[in-house]
Amino acid sequence: MSGKIKIGLWGIGRSGWLGHLAEIDRFPEFFEVVAGCDLIKERSDKLVERYPGAKGYTDYKEFLADENIDLVSVATYSSEHVKHAEMVLEAGKYLFLEKPIGVNYAEALKLKELEAKYPNKIFIRHNRRFEAAFNHLLEIMDSGILGEIYEVKLCRHRFQLRNDWQTIKACNGGQLNNWGPHLIDHAIILMQSPIKEIWSDLKNTVTLGDAEDHLKVIFRGENGRVIDLEISDCVRIASPVYTVYGSRGSLVSYNEKEFEISYLEPSESLPPKGAKSESPAWTSGYGGEIKLNYINKTIPVAPSNGAKMTDIYGRLYKAIKGIEKFPITLEQALEIVRVSDLIRSQN
Ligand SMILES: NC(=O)c1ccc[n+]([C@@H]2O[C@H](COP(=O)([O-])OP(=O)(O)OC[C@H]3O[C@@H](n4cnc5c(N)ncnc54)[C@H](O)[C@@H]3O)[C@@H](O)[C@H]2O)c1
């Protein structure tokens, strides 16, 4: 395929209209929106207004038969992702599939079969992989300034009274399928080791539907690291989005715009292990005897790889054109669904 990639957007809702199209618009040299399909006619009409020359469809069969479309971005309801993925591939198009890639592991495995049948055609939209703060955090962890990382907390706290399909169990709503795929992806990467154990708690609190709106998952890795993940629609006073504890320092970020870091001067060494069993002097206090120098600073979020959450379509273009590998693999996305199933089975 030479030149621009011609996109058809399937599902022109919040994710389609506000997410996909805004991201595609960042790369006018790479993509042309040639079609959109939604059950709601006003939505496909709006797409045609936004991209004059594009075709609007309400019938997906006609949409998929449009020979002008190279790639279909699927942003329909979660419960239909696997079915729609198969139809897109059968129609001979490239597939860009929204999260969750499937609503359970058994159905998501169908995508593995499809990948074997249609190699190099499936791409997954775990767009939060490119979040700037997440990328910068990994760099800081890898730099060693925080020492041995033993715990990471990931929190996405809000207080909101949602009442849409994403809050209804029968529609496969709930935060495990909604924000879960993004943050389970982050947790797996931040663990930097295979996961050994998972404990979880799902609650339905203030949301108007019956699905979980408060989710806590604790992962322990084979390396001993703990990742503590919370996604909630029922927290009025939000915890930091990121908290990291290491043997030489810690870090927090409340807003993903800056990190507060406090860490031991790199030239300082922690004293060797060896405690004294006798009773110390009354004046010795509780742990204040050993004085070390620490650096306290606030740094702006600015990963050296320049990652931005809205990068994903640029990466998709380069992958389809064979310029670079797409960083999100189907195997990784399947593992997220497998972990989600395990969490569901614990609750
Ligand atoms: N990656 C992200 O950051 C992100 C963000 C939001 C939502 N999502 C995902 O995107 C998907 C859609 O979520 P949303 O919030 O946009 O929902 P939404 O209800 O706002 O939009 C869904 C749209 O799909 C249309 N649709 C459904 N079935 C269709 C069909 N068979 N043919 C044509 N159109 C159809 C609906 O009419 C609606 O316009 C969900 O799976 C959600 O998990 C991902």
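Fair warning: this is a prediction, and the values are worked out from it, not measured in the lab. Here the residue numbers are simple positions, counted from 1 along each chain's written sequence. With the structure being a predicted model, the display of local features is reserved for residues of pLDDT at least 70 and the display and counting of side-chain atom pairs for 80 or more, all residues being used for whole-chain, interface and lining totals. To get the side-chain values, all heavy atoms of the structure are used, and hydrogens and water are removed first.

**Regarding the nonpolar core**
Then, number 1: Residue types Ala, Val, Leu, Ile, Met, Phe, Trp, Tyr and Cys, when buried and joined through side-chain atoms within 4.5 Å, form a set referred to as a nonpolar core. Partly exposed describes any residue whose relative accessible area lies between the buried limit of under 20% and the exposed limit of over 50%, with all areas from a 1.4 Å probe on protein chains only and scaled to the type maximum. In terms of nonpolar packing, the biggest core is built from 54 residues, with Phe31, Phe63, Ile101 and Tyr313 touching the most fellow members.
Then, number 2: The helix count covers DSSP runs of H or I at least four residues long, the strand count covers runs of E at least two residues long, and both are numbered beginning at the N terminus. For this core, the element with the most residues is helix α9 (residues 312-320), which contributes six residues.

**Concerning the pairing of strand β2 (residues 31-37)**
For a regular strand, the rule is simple: side chains alternate between the two faces of the sheet.
Then, number 1: With respect to burial, β2 is a largely interior element, six of its seven residues being buried.
Then, number 2: Should DSSP find at least two bridges between two strands, the strands are regarded as paired. Alignment of strand β1 (residues 5-10) against β2, held across six bridges, turns out to be parallel. Within β2, the residue paired with tryptophan 10 across the bridge is cysteine 37.
Then, number 3: By the criterion used throughout, a crossover qualifies as right-handed when its path from the first strand across the helix to the second strand runs clockwise, the strands pointing away from the viewer. The parallel pair β1 and β2, bridged by helix α1 (residues 14-25), forms a crossover whose chirality is right-handed.
Then, number 4: The sheet contact formed by β2 and strand β3 (residues 55-57) spans three bridges and is parallel. Note on β3: the bridge partner recorded for cysteine 37 is tyrosine 57.
Then, number 5: Note on the crossover from β2 through helix α2 (residues 41-50) to β3: the handedness is right-handed.

**What about the sheet that holds strand β6 (residues 122-125)?**
Then, number 1: Read across the open sheet, the six strands follow the order β3-β2-β1-β4-β5-β6; overall the sheet is parallel. What marks the edges here is a single partner per strand, and that holds for β3 and β6. Across the sheet, the axes of successive neighbouring strands diverge by a mean angle of 25°, strand direction being ignored.
Then, number 2: Of the strand pairs in this sheet, strand β5 (residues 94-98) and β6 are connected by four bridges, and their pairing is parallel. Opposite leucine 95, over in β6, you have isoleucine 122 as the bridge partner. Angles shown run from 0 to 180 degrees and are taken between the N-to-C directions of axes, each axis being a line fitted to C-alpha atoms and, for helices, limited to the stretch in contact.

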